[in-house]
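Given next are the chains, with one letter for each unit.
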Amino acid sequence: MKMFIPSIAVVISLEIALLALKVLKARHQAEPKSRPQSTNTAAQTPTSQSETATVAPPALVPMAPDHDPMGLYKDLRTHMLRGIDKIFDQDAPAPEEWSVPRTREQIDPAVLKEALGHLERMDQFRAQQMELQKLLNDPRSQLTDLSKNITSDPVLTAKVLKMANSSYFGFTQKLDSISHALMILGLQNVKNIMYREGLRGMFDAGSTHNKAAVAALWRHSNLVCICTQHFHDLFDGLNRGTLFTLGIVHDIGKLILMDIFQQSGKKAIIGGDYPMDILVSEEDQLFAINHTVIGGCTLEHWNFSDLMTRSVMMHHAPSFIDFDHIKLSPETLKYVLSLFLADQIARIFTDWNEETAHIYPLRISYYPLIDKKKLINKITDVNFLNQLQ
């Protein structure tokens, strides 16, 4: 049995070598001649702890030129543009004092201590996830090394095959070979899948109840992650790996609130399951704390950088606090604005058929910092919409 896993790795290594030319040829035949070269600016030398806690995702190659000749996304584009109008609503009333989310300084220390006491299950999983991060962040890691972890996990194997067979890569024939799939995805995409699935395990460990709410939260986090990647160049100097992690963990405080909701008798007050559409101000009223404070303190507890801790803690602030009073460094503010916009765009997309989701409007004082035209071009891009689908 001890020799079984290594033998798989050897076989995969040989298959990868034999299939390399074949895959490159297939790619050449399948790709449009005008397809641009992929530019991955994410693989940078870590400069802070925020980068060491991330795996820089790749810039996926578009499957088609940037046009929609059949108008398949016409209705979705119209919906997304209406959503942009809600974000940039100059007539939105100023937030009432009671609706402004509480900051860490305004939270009763006893309430915060009780909330963080729910981290025990997630702490245990965090230790396992840190080991995975060491493997993924090791520059010496190769596909054959990662294949051992993948082939020993049926769920992860299925995820790899599913991504390789997605329409985004444009292959007409379905792939059944894991080695072929690994070759097509490439090292960085494989790391991306493993890291995301590792974090998914943390979500599952975070709340043993409210399964439907946890699943919805995971879907939303993935959409925000896609948006942060697509918006990485809205501001100069942003690290895509940091944005990737922020997209996944920005609402992690909601997992703690779900546990508190289940165990504190709040369920009887509301008379149902955890309400996923609950507003930040309503969290403060119901729990005397909100998910942004819990999320930021959770990342601080796990020794994430101050940049990531502050970004999570302040990701709703652009809707409530004017630019002159935000009290963030210029670098952190860029990440906060990127995360805020990604969060709202993900809400807009999820609300395509309903149009009932609450979209937080951006305070006018931030308008000069954002290239709205560039943002509109990004959210109506067919490749972006295809990723969201």
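Rules used throughout
- Residues numbered from 1 in each chain as written.
- Predicted model: local features only at pLDDT ≥ 70, side-chain atom pairs only at ≥ 80, totals over all residues.
- Heavy atoms only, no water.
- Buried < 20%, exposed > 50% of the residue type's maximum accessible area, 1.4 Å probe, protein only.
- Helix = DSSP H or I, 4+ residues; strand = E, 2+ residues; numbered from the N terminus.
- Polar contact = N/O pair within 3.5 Å; in protein donor to acceptor, adjacent residues only side chain to side chain.
- Phe/Tyr/Trp six-rings, centres within 6.5 Å; stacked < 30°, edge-to-face > 60°.
- Axes fitted to C-alpha atoms, helices over the stretch in contact; angles between N-to-C directions.
- Parallel < 35°, antiparallel > 145°, perpendicular 65-115°, else oblique.
- Left-handed = near helix turned anticlockwise from the far one by under 90°.
- Contact = heavy atoms within 4.5 Å.
- Nonpolar A, V, L, I, M, F, W, Y, C, P; charged D, E, K, R; others polar.
- Salt bridge = Lys/Arg side-chain N within 4 Å of Asp/Glu carboxyl O.
- 1 Å grid on protein atoms, 1.4 Å probe; cavity = no way out; pocket = protein on both sides within 12 Å on 5 of 7 lines; lining within 4 Å.
- Points joined across faces, edges and corners; volume = space filled by probe spheres on them.

### A look at helix α10 (residues 240-249)
Of all 10 residues in α10, 10 are buried, a share of seventy percent or more. Those residues of α10 that fall on the buried side of the exposure criterion are R240, G241, T242, L243, F244, T245, L246, G247, I248 and V249. At the N-terminal end of α10, a side-chain oxygen is found 2.8 Å from the backbone nitrogen of G241, two or three residues along, and the residue is N239.

### Digging into unusual backbone geometry
What you tend to see is this: most non-glycine residues have negative phi, and most peptide bonds are trans. Located in the positive-phi region is A288, a residue other than glycine, with phi close to 65°. With respect to the helices and strands, A288 occurs in the loop between α13 (280-287) and α14 (291-301). At K327, a residue that is not glycine, the phi angle is positive and equals roughly 55°. For K327, the position within the fold is in the loop between α15 (306-313) and α16 (330-350). Judged by relative accessible area, K327 falls into the exposed class, the value being 74%.

### Digging into the packing of aromatic side chains
Per the stated rule, a full pass over the model turns up four aromatic pairs. Between F88 and Y367 the ring centres are 5.2 Å apart and the planes differ by 55°, which places this aromatic pair in the tilted class. On the criterion of sequence distance, the pair formed by F88 in the loop between α3 (74-87) and α4 (109-116) and Y367 in the loop between α16 and α17 (372-379) is long-range, its members being 279 residues apart.

### A word on the packing of helix α11 (residues 253-263) against α14
Where α11 contacts α14, the two axes come as close as 7 Å, and the packing angle between them is 115°. Judged on the interaxial angle alone, α14 and α11 are roughly perpendicular. In the crossing of α11 with α14, the sense of the turn from one axis to the other is right-handed. On the side of α11, the interface is formed by G253, K254, I256 and L257, while α14 contributes H291, I294 and G295. Here the contact of α11 with α14 is built from residues that sort into three nonpolar, three polar and one charged.

### Notes on the pattern of salt bridges
All told, the structure shown has six salt bridges when counted by the stated rule. Residues D251 and K254 are paired through a salt bridge, measuring 3.7 Å at the closest nitrogen-oxygen approach. Just as D251 is buried, K254 falls in that class too. For the salt bridge of R347 with D343, the shortest nitrogen-to-oxygen distance reads 3.7 Å. With a gap of four residues between them, R347 and D343 both fall in helix α16, about one helical turn apart. Each member of the pair R347 and D343 is classed as buried.

### So, the environment of G247
Of note, G247 is situated in helix α10. Residues G247 and A342 lie 95 residues apart in sequence; the distance between their C-alpha atoms is 8.0 Å. Beyond its immediate chain neighbours, meaning those up to four positions away, G247 contacts S221, V224, C225, T228 and L339.

### A short note on the layout of surface pockets
In this structure, the second largest pocket occupies an estimated 580 Å³ of space. Residue lining of the second largest pocket: 21 residues in total, with H220, M276, R347, T350 and A357 positioned closest to the centre. Broken down by secondary-structure element, the contributors of at least two residues to the lining of the second largest pocket are α9 (211-230) and α16. Examining the composition of the lining of the second largest pocket, we find that five residues originate from one element, α9, more than from any other. The class makeup of the residues in the lining of the second largest pocket is nine nonpolar, four polar and eight charged.

### Re the packing of α9 against α11
Where α9 meets α11, the closest approach of the two axes is 11 Å, and the angle between their N-to-C directions is 170°. Between α9 and α11, the interaxial angle falls into the category roughly antiparallel. Contact residues: A213, V214 and L217 in α9; K254, L255 and M258 in α11. Residues belonging to the contact of α9 with α11 are distributed by class as follows: five nonpolar, no polar and one charged.

By themselves, these are just geometric observations and shouldn't be taken as functional.
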